[in-house]
Amino acid sequence: MLSFFSNITIKSKVISLFIITTLAAASISLVAIIGLNDIGVEIKGISRQDIPLTKAVTNITVHQLEQAIYFEKAVRYSKDIHKSQDALASYTTYKDSFLAMAKKVDKEIIEGKKLAEKSIQLAHSDEAQQEFIKVSKIFDQIKSEHIDFDKHVEEVFRHFEKADYSTAHQLLPGIEKEEKQLDEVLNALLTELVQFTEKATLSVEKHEADILTNITTLATVGIIISILFSISIIIAITKPLAKLQEAIKDIASGRRVDLSIFTSKDEIGNIAKALQQIDKIGQSSKRIELALNCSTSSVMLADHNNDIIYFNPSAKEMLQNAENDLRKELKDFDVEKVLGSNIDIFHKNPEHQRSMVEKLTESYETSITIGPRTFDLIASPVFNNDNERLGTVVEWKDVTEKLAEEDRKRIQAEKDAAVAKENARIRTALDSATSSVMLVNNEQEIVYINHNLQNAFSAIEKDIQQQQAGFSADSVVGSTMGDIHNSLVEHQSTIANLSTEYQATIHLGGKIFDLTASPVLDSDGERIGV
């Protein structure tokens, strides 16, 4: 029996209870039948008037909310409809959806109005009749406000399509106010209908109790049967509600919840499905936090008061590594006390920084220096759907070592430039010298000959070629001494290990040359050539 009740709505459970009670009473006595007939009239009013009206108002409320969602999505894409075809297509889709839903809501309001007027005629009591008259008038109010809301939204659409964004955005607060007022009227009407239905249900129960006191012993059997069914219904409602309550507590505590156990097709099952969506959103937020915890980027989050409410392990490690340096300027700085502190702890002039952060409307990049440490910061404001500032997310990067490396490279570049400049002066002097000069590196490769030696080689090039066929005066640089003439190989071997001055006489191309070789040392005393 419990499985049967779990698959029908609460309204159906109430109707089932009524049917069983009526059948039991009908089998007992004519008195019971007459009495229960009166109860049936009241329940009939609930099922055919109160509940349909409640359903109609619920549908209007839900579809009005869908309208608002379509409008918000259309507004989101409106800023790009004159620049992007994709944005225009999305905007048109949501606009058309809004207009279609507007017609549907208008139709539902008219149907609700007709249902209220019909209920006035079918009311089983003066109290019910007055209630339905009141509901009918509220439907008139809803109809008027909904027409105004639709008209103003369509006006905003026209301004968007004319690229008149200024006028359109001036109208948005008024539309939000109309939407909120319409929601309040619908929610108030829905609450009133629910309360009226509950009151009618309580009235039915009272009448039932009065009748049961007047029936015979056989009526006791009917009461027992009714109680058994009532208990079944109560269990079918309260047991899953208790589980649902525990599930809500688990979700609030951030624990994972298995909502698949709620398989009923009644309102409780529907609530469980909605909670499942909420739980998915919560788990998604948790995954984002875990992702940030695993990120190598240093991320910090401050609330709207600039109090630090989160920073990931990378940020903590970065601050721990820099803690001693930071204390040189921030005497009381303690990484373990950062969480919960205000971002002012990082600034000498917190008023300026606070003002700058509070005025942020988009990401802002800057650098700060604290003691010997330099950090690059990217600060981005966080806003909710109402454009209210919720806080600021800041990405930190310690660039102290990077800047130091850049300084080292700059200094080295300056030194290299100075050496190059000095070498240029030396080369100019050697090119102007009347002596013949050659420079050989540690790999025995000739890296330089001055003009005088170049001219000497050119003058005896043909004579040298008779002894060394492949010789070319223009190819001396880049060759070895052995490439010039085989007889120089012996001197090349001696020069390769030279540590002091070396002198020799060589015969080349019919000429006699005095050779003087001296090692060339760098500033560290290392031999770099001859």
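Our structure is the block above this text.
Residues numbered from 1 in each chain as written. Predicted model: local features only at pLDDT ≥ 70, side-chain atom pairs only at ≥ 80, totals over all residues. Heavy atoms only, no water.

### A closer look at the pattern of salt bridges
(1) Moving on: This structure, assessed with the given rule, holds 17 salt bridges.
(2) Moving on: Note that Lys249 and Glu246 form a salt bridge whose closest N and O atoms lie 3.9 Å from each other. Of this pair, Lys249 and Glu246 both sit in helix α7 (residues 217-252), three residues apart, roughly one helical turn.
(3) Moving on: For Lys249, a relative accessible area of 45% gives the class partly exposed.
(4) Moving on: Judged by relative accessible area, which is 43%, Glu246 ranks as partly exposed.
(5) Moving on: Residue Arg373 is joined to Asp398 by a salt bridge in which the shortest nitrogen-to-oxygen separation is 2.7 Å. (Salt bridge = Lys/Arg side-chain N within 4 Å of Asp/Glu carboxyl O. Helix = DSSP H or I, 4+ residues; strand = E, 2+ residues; numbered from the N terminus. Buried < 20%, exposed > 50% of the residue type's maximum accessible area, 1.4 Å probe, protein only.)

### Remarks on the packing of helix α5 (residues 126-161) against helix α6 (residues 165-212)
(1) Moving on: Two numbers describe how α5 lies on α6: the axes approach to 9 Å, and their chain directions differ by 160 degrees. The orientation of α5 relative to α6 falls into the category roughly antiparallel. At the point where α5 passes α6, the crossing takes the left-handed sense.
(2) Moving on: Grouping the constituent residues of the contact of α5 with α6 by class yields 20 nonpolar, seven polar and 10 charged. (Axes fitted to C-alpha atoms, helices over the stretch in contact; angles between N-to-C directions. Parallel < 35°, antiparallel > 145°, perpendicular 65-115°, else oblique. Left-handed = near helix turned anticlockwise from the far one by under 90°. Nonpolar A, V, L, I, M, F, W, Y, C, P; charged D, E, K, R; others polar.)

### Observations regarding empty space enclosed by the protein
(1) Moving on: In this structure the tally under the stated criterion is two cavities of 30 Å³ or more.
(2) Moving on: Within this model, the largest cavity holds a volume of roughly 220 Å³.
(3) Moving on: Put simply, the parts of the chain that give the lining of the largest cavity at least two residues each are β1 (298-303), α10 (350-358), β3 (364-370), β4 (373-383) and β5 (389-398).
(4) Moving on: Within the lining of the largest cavity, the residues separate by chemical class into 12 nonpolar, four polar and no charged. (1 Å grid on protein atoms, 1.4 Å probe; cavity = no way out; pocket = protein on both sides within 12 Å on 5 of 7 lines; lining within 4 Å. Points joined across faces, edges and corners; volume = space filled by probe spheres on them.)

### Some remarks on the packing of aromatic side chains
(1) Moving on: For the structure on display, the rule yields 11 aromatic pairs.
(2) Moving on: Summarising the aromatic geometry, the rings of Phe98 and Phe157 are spaced 5.8 Å apart at their centres and angled 85 degrees between planes, so their arrangement reads as edge-to-face. Remark: Phe157 occurs in helix α5 and Phe98 occurs in helix α4 (residues 85-122); sequence separation between them is 59 residues. You'll find Phe98 and Phe157 in the same group, each marked buried.
(3) Moving on: A network of ring pairs unites the aromatic residues Phe71, Tyr91, Phe98, Phe149, Phe157, Phe160 and Tyr165 as a single cluster. (Phe/Tyr/Trp six-rings, centres within 6.5 Å; stacked < 30°, edge-to-face > 60°.)

### Thoughts on the nonpolar core
(1) Moving on: Ranked by internal contacts, the top residues of the largest apolar core, which has 24 residues, are Met300, Leu319, Phe333, Val338, Phe346, Phe375 and Trp396.
(2) Moving on: Counting residues per element, the ones that place at least two in this core are β1, β2 (308-311), α9 (313-326), β3, β4 and β5.
(3) Moving on: The residues contacting Leu319, other than those within four sequence positions of it, are Met300, Phe311, Leu326, Phe333, Val335, Val338 and Phe346.
(4) Moving on: Residues Phe132, Leu189, Leu190 and Phe196 belong to the second largest nonpolar core, which totals 21 residues. (Core = buried A, V, L, I, M, F, W, Y, C linked by side-chain atoms within 4.5 Å. Contact = heavy atoms within 4.5 Å.)

### A closer look at the side chain of Ser119
(1) Moving on: Within the element layout of this structure, Ser119 appears in helix α4.
(2) Moving on: With a relative accessible area of 1%, Ser119 lands in the buried category.

### Here's the deal with α4
(1) Moving on: With 38 residues, α4 should reach 56 Å at 1.5 Å per residue; the first-to-last C-alpha distance of 55 Å fits that figure.
(2) Moving on: A distance of 3.3 Å separates the backbone nitrogen of Asp86 from a side-chain oxygen at the start of α4, and that oxygen is part of Ser84. (Expected span 1.5 Å × (residues − 1). Polar contact = N/O pair within 3.5 Å; in protein donor to acceptor, adjacent residues only side chain to side chain.)

### A look at the sheet that holds β5
In sheet architecture, strand pairing relies on hydrogen bonds along the backbone and comes in two forms, parallel and antiparallel.
(1) Moving on: On the basis of which strands lie adjacent, the open sheet formed by five strands has the order β2-β1-β5-β4-β3 and antiparallel pairing. Each edge of the open sheet is held by one strand with a lone partner, namely β2 and β3. For this sheet, the mean angle separating the axes of adjacent strands, direction not counted, is 25 degrees.
(2) Moving on: Strand direction decides the pairing type here: β1 and β5, joined by six bridges, are antiparallel. Opposite Val299, over in β5, you have Glu395 as the bridge partner.
(3) Moving on: Packed onto the sheet, α9 meets β1, β2, β3, β4 and β5 and runs at close to 140 degrees relative to β4. (Pairing = 2+ DSSP bridges.)

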